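Descriptive structure summary
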Amino acid sequence: MAGAHLTRATRARSFLFLCSVLISGVAAAQQPAMPPEYRDVLADLGLTGDYSDGVLKITLMRPDLSVSVAGRRAPAAFGFSGWLAFAKGDRNVDVMMGDLVLLEEEVNPVISALLANGLEVTALHNHFLFEDPRVMYMHIHGMGDAGSLASDVKPALDLIGRVRRPDAPPPRPALPLLRGNLNADRLNRIIGTTGTIIPPVYKVVVPRTDIEVRDMGALINARMGLNSWLAVFGSDDTAAVAGDIAMLEEEVTPVVKALRANDVEVAAIHHHMTGTRPVIIFLHYWGIGPAEGLAKGFRAALDELGSHRP
């Protein structure tokens, strides 16, 4: 009997394994295949990325940075990594957009490297207030074939983390990271969508699917930067929040009012892209307080989007 029981158990495990393989195979088959030229881009840049929704997305980490905001250490996932994205436009032209995370001394060497290779700098701005060291965010743009764009952007990427001021002051002492447990289910219910945990940060990305923006025929979707997002870490009682709201021009003042009414601080208001219509304005915010209140502030800002069309 014991042998028969073992056989049934073995058959059951084999059946479950076969089912999992078949399900995985179906899921893989449903994933779009990355175009070979995008695989070449990753190889040429020596980076990793993923392809979905017609976009190759590459995350640009800054492991060399240790940043504090308002005197308290902040994790990298709080908003200190950049990205590059590639999408197909008309006549098989590739559109490249990106957001580079830079120290102040890196800004102009990177600009010069981008311009020397025919790429555009479309915005330069802050995301935070009271951060140390000062961190700037540079939006870039290019059009052409994917391989050439990768070659054009690589000299600028190679400068990141390698330009240093010999007279740079040492970072000021910072308080440790806020720590504790966040009730992610409660935050999901407040915001109305499901976030993800990138330890120790809870993050939500909300696409602007009600707006169609194209560049050279390429759809500028959430993976190309048309989204609002929230990042929060700490505990339910005391958390830090940062993020970005993508707005039409007529939505700017209502969004600012919604954030300030919920004690969330506005850090910057600016564009990211040039030459696109409609004009999209981005607002960066941050704050410290109870996690539920911070999430309600983000939700209140989202509620203003799409409500003020002329």
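Here's what I pulled together on the structure shown here.

Thresholds, definitions, all that
Within any chain, residue numbers begin from 1 and follow the written order of that chain's sequence. In view of the model being predicted, local features appear only for residues whose pLDDT reaches at least 70, and side-chain atom pairs are presented and counted only at 80 or more, with totals across whole chains, interfaces and linings using the full set of residues. Side-chain calculation: all heavy atoms of the structure are included, whereas hydrogens and water are not. Helix and strand definitions follow DSSP, with helices as H or I runs of at least four residues and strands as E runs of at least two, each counted in order from the N terminus. Exposure is judged per residue with a 1.4 Å probe applied to protein chains only, and the accessible area is read against the type maximum: over 50% gives exposed, under 20% gives buried, and values in between give partly exposed. Residue contacts follow a heavy-atom distance rule, with two residues in contact if any of their heavy atoms lie within 4.5 Å. Areas reported here follow the Shrake-Rupley algorithm with a probe of radius 1.4 Å; residue values treat only the protein chains shown as occluding. The working definition used for a salt bridge is a side-chain nitrogen of Lys or Arg within 4 Å of a carboxyl oxygen of Asp or Glu. In this analysis a 1.4 Å probe is tested at points of a 1 Å grid over the protein atoms alone, and where it fits but cannot get out there is a cavity; an open set with protein on both sides within 12 Å along at least five of seven lines is a pocket; lining residues have an atom within 4 Å of a point. Grid points are joined across faces, edges and corners, and a volume is the space filled by probe spheres set on the points. When residue character is reported, Ala, Val, Leu, Ile, Met, Phe, Trp, Tyr, Cys and Pro are called nonpolar, Asp, Glu, Lys and Arg charged, and the others, Gly included, polar. Residue types Ala, Val, Leu, Ile, Met, Phe, Trp, Tyr and Cys, when buried and joined through side-chain atoms within 4.5 Å, form a set referred to as a nonpolar core. Note on pairing: DSSP must find at least two bridges between two strands before they are called paired. To obtain each axis, a line is fitted to C-alpha atoms, and for helices this fit is confined to the stretch in contact; angles are then taken between N-to-C directions over 0 to 180 degrees.

Moving on to the overall build of the chain. For the chain, the count of helices and strands is seven helices and 17 strands. Here the chain holds 310 residues, and 46% of them are scored as buried. When contacts within the chain are restricted to residue pairs at least 6 apart in sequence, long-range pairs at least 24 apart make up 69% of them. Total accessible area computed for the chain in this model is approximately 15300 Å², and 55% of it derives from carbon and sulfur atoms.

Here we take up the pattern of salt bridges. Following the criterion strictly, the structure yields 16 salt bridges and no others. Glu131 serves as the salt-bridge partner of Arg134, at 3.2 Å between the closest nitrogen and oxygen. Classification of Arg134 as partly exposed rests on a relative accessible area of 32%. Under the relative-accessibility criterion, Glu131 is labelled buried at 8%. Linking Glu212 and Arg214 is a salt bridge whose minimum nitrogen-to-oxygen distance equals 3.1 Å. Exposure remark for Arg214: the relative accessible area of 41% places this residue in the partly exposed category. If you follow the salt bridges from partner to partner, you end up with Arg62, Asp64, Glu106 and Arg164 in one network.

This part is about empty space enclosed by the protein. Going through the model one piece at a time under the given rule, you end up with two cavities of 30 Å³ or more. In this structure, the largest cavity spans a volume of roughly 110 Å³. What lines the largest cavity is a set of 14 residues, and nearest its centre among them are Met97, His139, Met224, His272 and Met273. Those elements that provide at least two residues to the lining of the largest cavity are strand E6 (94-103) and strand E9 (135-144). Per element, the largest residue contribution to the lining of the largest cavity is three residues, and it comes from E9. In the lining of the largest cavity, the residues fall into seven nonpolar, seven polar and no charged. Of the volumes computed, that of the second largest cavity is approximately 60 Å³. Secondary structure elements with two or more residues in the lining of the second largest cavity: strand E4 (72-74) and strand E17 (280-289). For the lining of the second largest cavity, the element with the most residues is E4, which contributes three residues.

Here we come to the nonpolar core. If you look at the biggest cluster of nonpolar residues, it comprises 30 residues, and the most contacted ones within it are Leu84 and Leu100. Where this core is concerned, the elements lending two or more residues are helix H2 (36-45), strand E2 (55-60), strand E5 (82-88), E6, helix H3 (104-116), E9 and helix H4 (146-159). Every residue in contact with Leu100, bar those within four places of it in the chain, is listed here: Leu60, Val110, Leu114, Met136, Tyr137, Met138, Ile140, Leu157 and Ile160.

Let's shift gears to the sheet that holds E5. Here six strands make up an open sheet; going across it, the order is E1-E2-E5-E6-E9-E7 and the pairing antiparallel. Whereas interior strands pair on both sides, the edge strands pair on one side only; in this sheet they are strand E1 (50-52) and strand E7 (120-125). This sheet shows a mean twist of 20° between the axes of neighbouring strands, independent of strand direction. The sheet contact formed by E6 and E9 spans ten bridges and is antiparallel.

Moving on to the layout of surface pockets. Of the pockets and cavities examined, the largest pocket occupies roughly 800 Å³. Lining the largest pocket are 31 residues, and of these Lys57, Trp83, Lys203, Val205 and Trp229 sit closest to its centre. For the lining of the largest pocket, the class distribution of residues is 13 nonpolar, twelve polar and six charged. Counted as a void, the second largest pocket has a volume near 380 Å³. Taken together, 15 residues make up the lining of the second largest pocket; nearest its centre are Leu103, Glu105, Pro133, Ala168 and Pro169. Of the residues in the lining of the second largest pocket, the class split is seven nonpolar, one polar and seven charged.

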